[in-house]
Amino acid sequence: MGRLTVRIATIEDARGILEAHYSAVHETAARDYPLEVRRAWSKPVTPERVEQYLKHGLPHETTVVAELNGEIAGFGAIVPANSELRAVYVAAAFDGRGVGSALLREVERMAKEQGCDELRMDSSLTAAPFYKRHGYEDMGLGEHTLSGGCKMACVRMRKVLD
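Residues numbered from 1 in each chain as written. Predicted model: local features only at pLDDT ≥ 70, side-chain atom pairs only at ≥ 80, totals over all residues. Heavy atoms only, no water.

### Focus: the side chain of Thr28
Phase 1 of the analysis: By the element assignment, Thr28 lies in the loop between helix H1 (14-26) and helix H2 (35-41).
Phase 2 of the analysis: For Thr28, a relative accessible area of 16% corresponds to the buried category.
Phase 3 of the analysis: Apart from residues lying up to four places away in sequence, Thr28 is in contact with Ser23, Val90, Ala92, Asp95 and Thr126. (Helix = DSSP H or I, 4+ residues; strand = E, 2+ residues; numbered from the N terminus. Buried < 20%, exposed > 50% of the residue type's maximum accessible area, 1.4 Å probe, protein only. Contact = heavy atoms within 4.5 Å.)

Take a look at the structure:
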């Protein structure tokens, strides 16, 4: 499998983060969401999208990346001020290799270090079983509004951090 490394994201990781996100949304989540939702959720990775992410995404979250054989296999992000788990995404090509679990362990560790007693999130239907296996409580179905206004089904979840 190679060596998996989890580290703090840098601006040089932006394209790889967005590519992992796009892959997870358009391949892994395809069984749970229609194309119009996936298109609103994750647009193709272009130089403009990378620039927007560097302005409005990366600086406002604590983000880590998982690297496997020199390639970004996934990423995780939290917003400690809101006790929010913003993201754990694994590129489809790396699914089932422990990447998501490694990312989740690291963002939970960082959240505790930054004073969070719990993490809350709107999980995709696709990811909810993963979070349940890692101790997250299902708080019920909900609807998450994406940045463009499109709504998608979600599972509201939380975990008290030990």
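### A word on the packing of H1 against helix H3 (residues 47-56)
Phase 1 of the analysis: Relative orientation of the contacting elements H1 and H3 amounts to 105 degrees, with a least axis distance of 10 Å. If you check the angle between H1 and H3, you find them roughly perpendicular. Facing H1, whose interface residues are Ala14, Arg15, Ile17, Leu18 and His21, H3 presents Pro47, Arg49, Val50, Tyr53 and Leu54.
Phase 2 of the analysis: For the contact of H1 with H3, the per-class residue count stands at seven nonpolar, one polar and two charged. (Axes fitted to C-alpha atoms, helices over the stretch in contact; angles between N-to-C directions. Parallel < 35°, antiparallel > 145°, perpendicular 65-115°, else oblique. Nonpolar A, V, L, I, M, F, W, Y, C, P; charged D, E, K, R; others polar.)

### Here we look at the confidence of the model for the protein chain
Phase 1 of the analysis: Averaged over all residues, the pLDDT of the protein chain is 93; the fraction at 70 or higher stands at 99%.
Phase 2 of the analysis: The least confident element of the protein chain, judged by mean pLDDT, is H3 at 89; the most confident is helix H5 (residues 128-133) at 97. (pLDDT = per-residue confidence, 0-100.)

### With respect to H1
The periodicity of an α-helix, 3.6 residues per turn, causes residues three or four places apart in sequence to face the same way.
Phase 1 of the analysis: The end-to-end C-alpha separation of H1 is 18 Å, in line with the 18 Å expected for 13 residues at 1.5 Å each.
Phase 2 of the analysis: By the criterion of burial, H1 is predominantly enclosed, with ten of the 13 residues buried.
Phase 3 of the analysis: For H1, every residue scored as buried is listed here: Ala14, Gly16, Ile17, Leu18, Ala20, His21, Ser23, Ala24, Val25 and His26.
Phase 4 of the analysis: The inward-facing, buried residues of H1 abut H2, H3, strand E2 (62-68), strand E3 (71-79) and strand E4 (84-90). (Expected span 1.5 Å × (residues − 1).)

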